[in-house]
Amino acid sequence: DCGETLNYRLKWLFNTSVVGDLYAQDFGFFQRAGLTVNVKAGGPERDAIRELELGHATFGVASADQVIRARAKGAPVVVIAQLFQVNPLQWIYRGVKPAINTPSDLKGRILGVTFGGNDETIMRTLMARASLTEKDVTLFSVRYDYTPFYQDRVDIWPCYRNAQGIMLADKLGQAGEAVRFFNPADHGITFVANSVVTSAKTLERNPEMVQAFAKALISGWEASLMPENRDKALAVLRKYNRDTPEELRQKQLDATRPLVLPESGARVGTIDLKGWKQTETIMLEQGLISKPVHVEKALFPGGKPL
Amino acid sequence: MGLTCQHLEYRYPRSEEWVFRDLSFCLDRPGFHSLFGPSGVGKTSLARVIAGEINGFSGTLDRGEINTVLYTYNQERLPGWAPIERHLDRITPEGREDLREHLIEIFGLVPVMGQTFSQLSLGQQNRINLLRYLLQDFQLMIMDESLANVDERSKETILLEIKELFPDRYFLYISHNLIEVARFCDRILLFRGIGKSPQSLTFTGLDTRKTNQPGRDALDAVLLEIMNAG
Amino acid sequence: MGLTCQHLEYRYPRSEEWVFRDLSFCLDRPGFHSLFGPSGVGKTSLARVIAGEINGFSGTLDRGEINTVLYTYNQERLPGWAPIERHLDRITPEGREDLREHLIEIFGLVPVMGQTFSQLSLGQQNRINLLRYLLQDFQLMIMDESLANVDERSKETILLEIKELFPDRYFLYISHNLIEVARFCDRILLFRGIGKSPQSLTFTGLDTRKTNQPGRDALDAVLLEIMNAG
Amino acid sequence: MLGRRILQFFLIFALGLFGLMGVKYGLGLSDYVIPGPGEIITTSRAVAHDYFFDTLNTLMVAVIGQAISIFMAFFVGITARKSTWAGTLIKAAAYNIQAYPIVAVAPIIFILLGDGFTSRLLIAAMICYFPLLLSVIGIMAEPVTDMEHFYIATGRMRWQLEVKIRAFENIGKLTTVIAGSSTLAMAGTIVAEFIAANQGIGHSIRIALYQSDLSRILTALFLIGLFLSIYQEILEGVGKRLTSGWILPKGVESEDL
Amino acid sequence: MLGRRILQFFLIFALGLFGLMGVKYGLGLSDYVIPGPGEIITTSRAVAHDYFFDTLNTLMVAVIGQAISIFMAFFVGITARKSTWAGTLIKAAAYNIQAYPIVAVAPIIFILLGDGFTSRLLIAAMICYFPLLLSVIGIMAEPVTDMEHFYIATGRMRWQLEVKIRAFENIGKLTTVIAGSSTLAMAGTIVAEFIAANQGIGHSIRIALYQSDLSRILTALFLIGLFLSIYQEILEGVGKRLTSGWILPKGVESEDL
Ligand SMILES: Nc1ncnc2c1ncn2[C@@H]1O[C@H](COP(=O)(O)OP(=O)(O)OP(=O)(O)O)[C@@H](O)[C@H]1O
Ligand SMILES: Nc1ncnc2c1ncn2[C@@H]1O[C@H](COP(=O)(O)OP(=O)(O)OP(=O)(O)O)[C@@H](O)[C@H]1O
Ligand SMILES: [Mg+2]
Ligand SMILES: [Mg+2]
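Residues numbered from 1 in each chain as written. Chains lettered and ligands numbered in written order. Predicted model: local features only at pLDDT ≥ 70, side-chain atom pairs only at ≥ 80, totals over all residues. Heavy atoms only, no water.

Colleague: Got a minute to help me understand the overall build of chain A in this structure?
Modeller: Looking only at helices and strands, chain A has twelve helices and ten strands in total. In summary, chain A has a C-alpha radius of gyration of 19 Å against a globular reference of 19 Å for 306 residues, a match within 12%. Here the C-alpha coordinates of chain A stretch approximately 60 × 45 × 35 Å along the principal axes. Once local pairs closer than 6 in sequence are excluded, the contacts in chain A between residues at least 24 apart make up 77%. (Helix = DSSP H or I, 4+ residues; strand = E, 2+ residues; numbered from the N terminus. Rg over C-alpha atoms; globule rule 2.2 N^0.38 Å. Contact = heavy atoms within 4.5 Å.)

Colleague: How do you make sense of the relation of the copies chain D and chain E when you look at a structure like this?
Modeller: For the pair of chain copies, the relating transformation is a rotation about an axis with a translation along it. Between chain D and chain E, which share one sequence, the superposing operator has a rotation angle of 179 degrees and an axial displacement of 0.1 Å; the RMSD is 0.3 Å. Such a combination of turn and shift is consistent with a two-fold rotation axis. Of every C-alpha in chain D, the one belonging to D:P131 sits nearest the axis of rotation, 2.5 Å from it. By residue overlap, the copies meet face to face through one surface: 98% of the interface positions of chain D are interface positions in chain E. (Least-squares fit on C-alpha atoms with pLDDT ≥ 70 in both.)

Colleague: Which parts of the structure should I look at to understand the sheet that holds strand β10 (residues 194-199) of chain A?
Modeller: Neighbouring strands of a sheet are bound in pairs by backbone hydrogen bonds; such pairs are parallel or else antiparallel. All names here are of chain A. Taken in spatial order, the five strands of this open sheet run β2-β1-β3-β10-β4, and their pairing is mixed. In this open sheet, the two edge strands, each paired with only one partner strand, are β2 (36-40) and β4 (77-82). Strand-to-strand twist across the sheet, computed as the mean angle between neighbouring axes with direction ignored, equals 30 degrees. Pairing of strand β3 (residues 59-63) with β10 involves five bridges; the strand directions are antiparallel. When the bridges of β10 are listed, A62 appears paired with S195. Across the face of the sheet, helix α1 (residues 19-26) comes into contact with β1 (5-9) and β2 while running at roughly 145 degrees to β2. Along the sheet face, helix α9 (residues 207-225) touches β1, β2, β3, β4 and β10 and points at about 30 degrees away from the line of β4. (Pairing = 2+ DSSP bridges. Axes fitted to C-alpha atoms, helices over the stretch in contact; angles between N-to-C directions.)

Colleague: Can you help me understand the environment of A:Y144 in this one?
Modeller: Looking at the secondary structure, you find A:Y144 in the loop between β7 (138-141) and α6 (147-150). Assessed through its relative accessible area of 12%, A:Y144 is described here as buried. In this structure, the C-alpha to C-alpha distance between A:Y144 and A:T114, residues 30 residues apart in sequence, is 9.3 Å. The contacts of A:Y144, once residues within four sequence positions are left out, are D:V103, D:A106, D:P107, D:I195, E:L209 and E:Y210. (Buried < 20%, exposed > 50% of the residue type's maximum accessible area, 1.4 Å probe, protein only.)

Colleague: Any chance you could explain the site of ligand 1 here in plain terms?
Modeller: As a structural note, the neighbourhood of ligand 1 is formed by 20 residues, with B:K43, B:T44, B:S45, C:S121 and C:G123 the closest of them. Ligand 1 sits at a junction of chains, with neighbouring residues supplied by chains B, C and D. C:Q115 has a polar side-chain atom sitting 3.1 Å from an oxygen atom of ligand 1. Between ligand 1 and C:G123 there is a distance of 2.7 Å, counted from an oxygen atom to a backbone nitrogen or oxygen. Isolated, ligand 1 exposes 640 Å² of accessible area, and the fraction of that covered by the protein chains is 94%. In terms of residue class, the shell around ligand 1 is built from six nonpolar, eleven polar and three charged. (Near = heavy atom within 4 Å. Polar contact = N/O pair within 3.5 Å; in protein donor to acceptor, adjacent residues only side chain to side chain. Areas by Shrake-Rupley, 256 points an atom, 1.4 Å probe, with all protein chains shown as cover. Nonpolar A, V, L, I, M, F, W, Y, C, P; charged D, E, K, R; others polar.)

Colleague: Hey, could you run me through the site of ligand 2 in this one?
Modeller: Inspection of the region around ligand 2 gives 20 residues, with B:S121, B:G123, C:K43, C:T44 and C:S45 positioned closest. More than one chain lines the surroundings of ligand 2; the residues nearby belong to chains B, C and E. B:Q115 places a side-chain nitrogen or oxygen 3.1 Å from an oxygen atom of ligand 2. C:G42 places a main-chain nitrogen or oxygen 2.8 Å from an oxygen atom of ligand 2. Breaking the shell around ligand 2 down by element, the ones donating at least two residues are α4 (122-134) of chain B together with α1 (43-50) of chain C. Partitioned by chemical class, the residues of the shell around ligand 2 number five nonpolar, twelve polar and three charged.

Colleague: Please clarify how the sheet that holds strand β2 (residues 20-27) of chain B should be interpreted in this entry.
Modeller: All names here are of chain B. Strand order in the open sheet made by the three strands is β2-β1-β4, with antiparallel pairing throughout. Looking at the sheet topology across the chains shown, the edges are occupied by β2 and β4 (58-62). Each strand of the sheet is rotated relative to its neighbour by a mean of 10 degrees, with strand direction disregarded. Relative to the sheet, helix α1 (residues 43-50) contacts β1 (3-10), β2 and β4, its axis offset from that of β2 by approximately 65 degrees.

Colleague: What should I look at first to understand the pattern of salt bridges in this one?
Modeller: When charged atoms on two side chains of opposite charge get close, those side chains can pair. For the structure shown, the criterion picks out 65 salt bridges over all chains. Between A:K251 and A:D170 there is a salt bridge, and its shortest N-O distance comes to 3.9 Å. Of this pair, A:K251 sits in helix α11 (residues 246-260) while A:D170 sits in helix α7 (residues 164-174), placing them 81 residues apart in sequence. Overall, the relative accessible area of 38% leaves A:K251 in the partly exposed class. Using a relative accessible area of 17% as the deciding quantity, one classes A:D170 as buried. Of the charged contacts in the structure, one is a salt bridge between C:K155 and C:E180, with a shortest N-O distance of 3.0 Å. Taken together, the residues span a long stretch of sequence, with C:K155 in helix α5 (residues 152-165) and C:E180 in helix α6 (residues 178-184) at a distance of 25 residues. C:E180 carries the same exposure label as C:K155, and that label is buried. (Salt bridge = Lys/Arg side-chain N within 4 Å of Asp/Glu carboxyl O.)

Colleague: Mind showing me how you'd approach the packing of α4(B) against helix α5 (residues 152-165) of chain B here?
Modeller: Helices that pack against each other are described as a pair by the angle of their axes relative to one another and the distance between those axes. All names here are of chain B. Packing of α4 against α5 leaves a shortest axis separation of 13 Å and a crossing angle of 5 degrees. Between α4 and α5, the angle falls in the class roughly parallel. Across from R127, L130 and L134 in α4, the residues of α5 making contact are S154, I158 and I162. Split by residue class, the contact of α4 with α5 holds four nonpolar, one polar and one charged. (Parallel < 35°, antiparallel > 145°, perpendicular 65-115°, else oblique.)

Colleague: Help me understand the interface of chain D and chain E in this model?
Modeller: By a frequent convention, interface size equals the accessible area lost on bringing the separate parts together. Across the boundary between the two partners, chain D contributes 64 residues, which contact 66 residues of chain E. For chain D, the biggest contributors to the area lost against chain E are D:Q8, D:Y100 and D:K173; these three give 10% of the whole. Linking chain D with chain E are two salt bridges. E:K173 is the partner of D:E142 in a salt bridge, and the nearest nitrogen-oxygen pair spans 3.5 Å. For the interface between chain D and chain E, the tally reads six residue pairs in polar contact (both at pLDDT 80 or more). Those elements that place two or more of their residues in the side of chain D that touches chain E are α1 (2-27), α3 (85-99), α4 (102-113), α5 (117-140), α8 (171-196), α9 (201-210) and α10 (214-246) of chain D. Broken down by class, the residue content of the side of chain D that touches chain E amounts to 41 nonpolar, 17 polar and six charged. (Buried area = accessible area lost by both parts, 1.4 Å probe.)

Colleague: Please clarify how a nonpolar patch on the surface should be interpreted in this entry.
Modeller: A cluster of nonpolar side chains, contributed by D:L7, D:L11, D:L15 and E:W85, occupies part of the molecular surface with about 410 Å² of accessible area. Per-element tally for the nonpolar patch: the top contributor is α1(D), with three residues. Mapped onto the elements, D:L7 comes out in helix α1. (Patch = residues over 30% accessible without salt bridge, like charges linked within 9 Å, V, L, I, M, F, W, Y side chains within 5 Å.)

Colleague: In this structure, what is going on with unusual backbone geometry? I would like to understand it.
Modeller: Most peptide bonds adopt trans geometry, and most residues besides glycine take a negative phi value. Residues and elements named next belong to chain B. Backbone torsion omega between S197 and P198 reads -5 degrees, so that peptide bond is classified as cis. By the secondary structure assignment, P198 is in the loop between β8 (187-191) and β9 (200-204). Even without glycine at this site, H7 takes up a positive phi of about 50 degrees. Checked against the element boundaries, H7 lands in strand β1. Notably, E145 is not glycine yet its phi reads approximately 55 degrees, a positive angle. Mapped onto the secondary structure, E145 falls in the loop between β6 (140-144) and α5. Here E145 falls in the buried class, since its relative accessible area comes to 6%.

Colleague: What should I look at first to understand the state of the cysteines in this one?
Modeller: Disulfide: a covalent bond connecting the sulfur atoms of a pair of cysteines. Residue and element names in this part refer to chain B. Taken as a whole and judged by the stated rule, the model has zero disulfides over all chains. Cysteine C26 remains unbridged, with the sulfur of C5 as its closest cysteine sulfur at 9.0 Å. Between C185, a cysteine without a disulfide, and C26, which holds the nearest cysteine sulfur, the sulfur-to-sulfur distance is 17 Å. For C185, a relative accessible area of 0% gives the class buried. (Disulfide = S-S within 2.5 Å.)

Colleague: Explain the arrangement of the chains here, please?
Modeller: Contacts are most numerous between chains D and E, considering all eight pairs of chains that are in contact. Spatially, chain A is disjoint from chain B: no contact exists, and the shortest C-alpha separation is 48 Å. Separated without contact, chain A and chain C have their nearest C-alpha atoms at a distance of 50 Å.

Okay, here's the thing in structure tokens:
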């Protein structure tokens, strides 16, 4: 059934965070593996795990909290690769504000969080670590609209470091304002971000195909982030993300590289077992799941990329 | 037997006034009869009771041999999406095409067949409306001021023709023109209103037909009789 | 001088038939006049031309000393949100309250004052509508079948009263009842339709008033004259 | 009467739920895709109390929003009813603004009004008023000649009277549209909360969506439907009492009032 | 005529833009809150071409969506016009479903229909049809006694005829609502694209929103308004031609047709 088109549902719209996925598609990585893959954009109303189950997609991208929640509800989802080694979800704040060096520096500030989103989970965990309660800070409900941050009504604002982070920094930079980022990982919070998932059934029935897919995808990602392929990668982004100015795309691509290719030199796609376990622990602490799901069972054996 | 009403009583919902009370009358034979009486006395209400459009009255209403009652009034309208010709065509029961053409001729409506209803004068509207009812099956036709806005000459032609064409049907003609009623109608049901007893009286009119045109004295006699009673 | 029309021509937009062509007539003095003619001949159209509701005619229309023309027709309705009493109250010009009460009395409408318009019988509706127009300022009132659905006795009372109350105004009474027209009207404008020449003829009726009730022979003479001309 | 509407709502909701369960068990889907009955019950028990008050909160805003939108619809509809230049300009403005997706206009609203109660109300009213406006314009633009003739002929016609006559002639249509627009007020408020507010059931739905929690969403939908049924019941009752006091139609209808 | 509507649109849009600039310079807001005229011009030049075709794409879907929603509105409205149990049940169902925010129902729609063209169309139609439905129910529930009497009395009344009579009697109101609903079809399609599609101007707006690019959003709003003006102009023209062929009202109106 290699002739069949495999749908690969991303988590988000086409942007720099999915450069490897698009690169693999456009430069024939899947084709060479004998697969026909259709990479589809995601969005907040999209849920790749649901689509896997319904057969609308064969592979997808989901965040770790989605995977854990789905496992908690019996969805047979398995993780075959972890795309981000560092969670790109960070907080941006204006350079003129006092720096946030430890979580306890959050005290007394107005913090943007997306209620229900995983930034809320992360922020609450940080607060818990710093023994801050909701009385010590002001939580501000974040929407898609950045106006409250622009108007300086909120001190720190959650964003993807490599996407909106670049854009926000650029906009404020044009107005002569410098920015800084607050990265939870720097304070011991590892909360895994996007991973590639498929259903247990697919893995069981067609392990070779899954393997071929994972290999092709990871090769695509590796290639897309190689400095010598920068222009090709940018060309792909230009094609799918025509709306971002070229200059920003370059900055975004450069910011994506360290998030996917960690300094430790681990291979692209490596599943960070410890990170997953901590993610589960955090979710348990925060009451997002009621009992342990043993997420390691959902990770491809040994945490090694296929 | 024809139509018999006994001790009819009715008042409109949420109204305190009785329209009629203890109203009894009888239409004993087919023919062109009249329901006559001053404005507001309850003719329309009674007509709609007989036609089954008003319920909630008390007393007995026995339609006898009459199965099909049609009630038509002068404010009815035809839909405007087609010329009246097409409307008439669609509502003509099979086999009555000739009757239809004949009536259109007699009613003087040939020149307006291609117009839509709202383009007609009031009298033309009246005539079209009556015409389409006459094409239907009926045993009793109640004409509530159906020709009120038609000139007398046309009215005379129309009435005489109806009487010739439908000699065995019942008609109940509501009109405010006493001379007309006295001349053309057979039974004249004079409706006198709630204050008087009996509430209705029945007279016999001249029942003029094409073949029988009574003289002026006969007319005067009937007129006098009715006027004295009203 | 009163109302003069010369060579009036009119056809409805997008219609090919002329309603009237080369129509000329003159109403030379105040009084209760009539516009008479068969159904569909163009009475309503002419009335609306005179009232200024239809434009786009050609020919000359000279209203002379008449500044205010009111046109009223028998299908008008009063809004239903209040009893007619309240409506009448609101549209009575200052100082005419007595006139209003008097007319209500004469028109036989006292018992229905508390009802809303849709709760009235057709003839009651007719009367209310005419009544409110009579309370307004006017020099010429065109009554287009305004009393068509009212019984003859009420009609007579009403017409005689109107003539007494407004002796110096112009009225143009449109009705299909020739006897009525001949009896009550002064000038009778017979409208004969596009086919005939001249299209209109003017007769003089009996102009019956409370104080002057002509006999039957006079009536017969007028009737005959008009019928021969029609 | 109250019973009937709520009964109908229960029926419809139950049907929807059964359909969903049919899909779930028919396709053998996990609780993540479509939650099972057990989970739905547990979740709804857990959140019922909070959601109840959230929905109540939303309903309150919706009621005010509806009142505003009725006002707006009549205001714009009456001003725009004539085919004059000014009338068509207002109409064009109203139509154009409506075509803009609220999410796109919302940032501008927030800039101007902040993201508090006012914005929420304005967004709700803007979503709700337009359908009302269409009906109001349709009704207000059409003369009721037989009724208006007298007032025009005697120089008594004022715009208030014209509006009153036309509204009254079409009171049945207006009450249908107004009662129905409560639905839109509710939906509008929820959307407003979804994009702007920190409270209300729209806010709760947003959180549940982020957490992919269909059981919560179903609970929210249940409460929304229930509250709306009750509200509409009340509205229609009031409408009926208002109009039946006014009109006693001549004809067959009068019998079965 | 065509000129007038577009002229009006330009006027309105210019007014809005001036208002926005007024706010910007009045409050001294920086370019990232509200972009300045220079940036707006540069951006709109840059995206005009793409956005033009996006909007065209959206308009196409909106036209189809509107057709579907007219069909749906008449279907539901006609079935629900009687106050029978079945009629009120359908009405209750229609109303309840409408109260649910589309964003909350969207996941369920995606589960059932996938994320293709169908979902986009369905969402667009669902947003557009309800206001139509309200008008259709209002109109269909009200007897036109003087016209229907004959058909009822002679046993000729069929539901098709009843619907035809009532629709025809209210043709002016219906055309107003239908022409106006094009606005809602457009808004509905944009919302559908916003949450479901990967093309169309709704999709572009979504991207612009994530990039917080108000200049692009303004460009998109301009194009949406422009296309809609043209579409409505056409619709109203067709409506006028259709109805004027049918009705020649007796009365003053006939003069100024
Ligand atoms: N819907 C209604 N509600 C209350 N009262 C009504 C209603 N319709 C008519 N009436 C009253 O009932 C009485 C009889 O009315 P009806 O229409 O039967 O009179 P009618 O004899 O036909 O009069 P006309 O010759 O004027 O048509 C009148 O006094 C009228 O006011
Ligand atoms: N809106 C219209 N469009 C086209 N023709 C019309 C229109 N209104 C009336 N007509 C035609 O004009 C002619 C005159 O109509 P009008 O209503 O003036 O007659 P009328 O003398 O008042 O008749 P009636 O006594 O029946 O009321 C009729 O033949 C009619 O068919
Ligand atoms: Mg009557
Ligand atoms: Mg006439």
